[in-house]
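Residues per chain, in single letters:
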Amino acid sequence: MSLPVYQIDAFTTGPFSGNPAGVCLLEAWPTDAWMQSVAMEMALSETAFVVREPEGLRLRWFTPTAEVDLCGHATLATAHALWHEEGSEDDVLRFQTRSGWLEARAGGERIRIDLPALVPEAADAPSSLAAALGVGADAGFFRSRFDSLVVLEDEAALRALTPDMRALMDVDTRGVIVTAPGASYDCVSRFFAPRVGVPEDPVTGSAHCVLAPYWTVRLGKETLRAYQASKRGGELELEVRDDRVLLTGRCRTFLRGTIDAENE
């Protein structure tokens, strides 16, 4: 059986930038092992799998090595695929996920997704984390539901980071968000998650569920312009509403194809 699959660049307006996500459209759920194998074959930071069930759309995300509880860029990419590739006429797309119900709304080429706010709390920095990143005692350290957050003084220090990925593998956290005030944006960031098969993620929606509440309070602003300073780079617009974060971005379809592998 041939299954439609797309590779979509999220949080970008041009080719070869943003974060590429795989989106696989299914009629019924295969085994977890099959989806993990597809994600490994796609070799992207995340591949999304979606099935339309009686109560609505169910969405799951896999890195090349593990299923994850929340992924923003692959949710944005899935909404783009359903609207712009599959011709969905739904005004609002609602996804049932491991992080509860998530919504996507379209406004022209822009897509806004509604995700849970993950407010970080101040924490003592593990010495192993500081050493793996190569940062000093002046950095701020926080913990969120999934990831660690490290706050640096300026954008130059963030861009200059060359983390020890092998050492980061030993830090007890899903991933590490590093952020700083931006020169042209309200905040800039990078995200490292070698423990789940993603050494550096190009643009991370779930990380901005942590960054949005942090920078909203620190800067005293209701809306934020954010940039993830990876090699590919990507732009996001952020807004915190109560216990939710609204992430807005654009997508571009890079590849359309089919999966010709037995659906177990």
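Cut-offs applied
- Residues numbered from 1 in each chain as written.
- Predicted model: local features only at pLDDT ≥ 70, side-chain atom pairs only at ≥ 80, totals over all residues.
- Heavy atoms only, no water.
- Pairing = 2+ DSSP bridges.
- Helix = DSSP H or I, 4+ residues; strand = E, 2+ residues; numbered from the N terminus.
- Contact = heavy atoms within 4.5 Å.
- Polar contact = N/O pair within 3.5 Å; in protein donor to acceptor, adjacent residues only side chain to side chain.

## Notes on the pairing of strand β17 (residues 244-260)
Right, on to step 1. Sheet topology places strand β1 (residues 2-10) next to β17; nine bridges connect them, and they run antiparallel. Looking across to β17, one finds that Y6 is bridged to R256.
Right, on to step 2. Relative to β17, strand β8 (residues 110-116) is paired through seven bridges, and the arrangement is antiparallel. Its bridge partner lying in β17, R112 is registered against T248.
Right, on to step 3. Two strands pair when backbone bridges link them, and strand β16 (residues 234-241) and β17 are joined in this way by five bridges, in the antiparallel orientation.

## Some points on the environment of D201
Right, on to step 1. Relative to the assigned elements, D201 resides in strand β14 (residues 198-201).
Right, on to step 2. Along the chain, D201 and R190 lie eleven residues apart, while their C-alpha atoms are 7.6 Å from each other.
Right, on to step 3. Excluding its chain neighbours within four sequence positions, the residues that come into contact with D201 are N19, S45, F191, Q228 and S230.
Right, on to step 4. A distance of 3.0 Å separates the side chain of D201 from the side chain of N19, its partner in a polar contact.
Right, on to step 5. There is a polar contact of 3.0 Å between the side chain of D201 and the side chain of S45.

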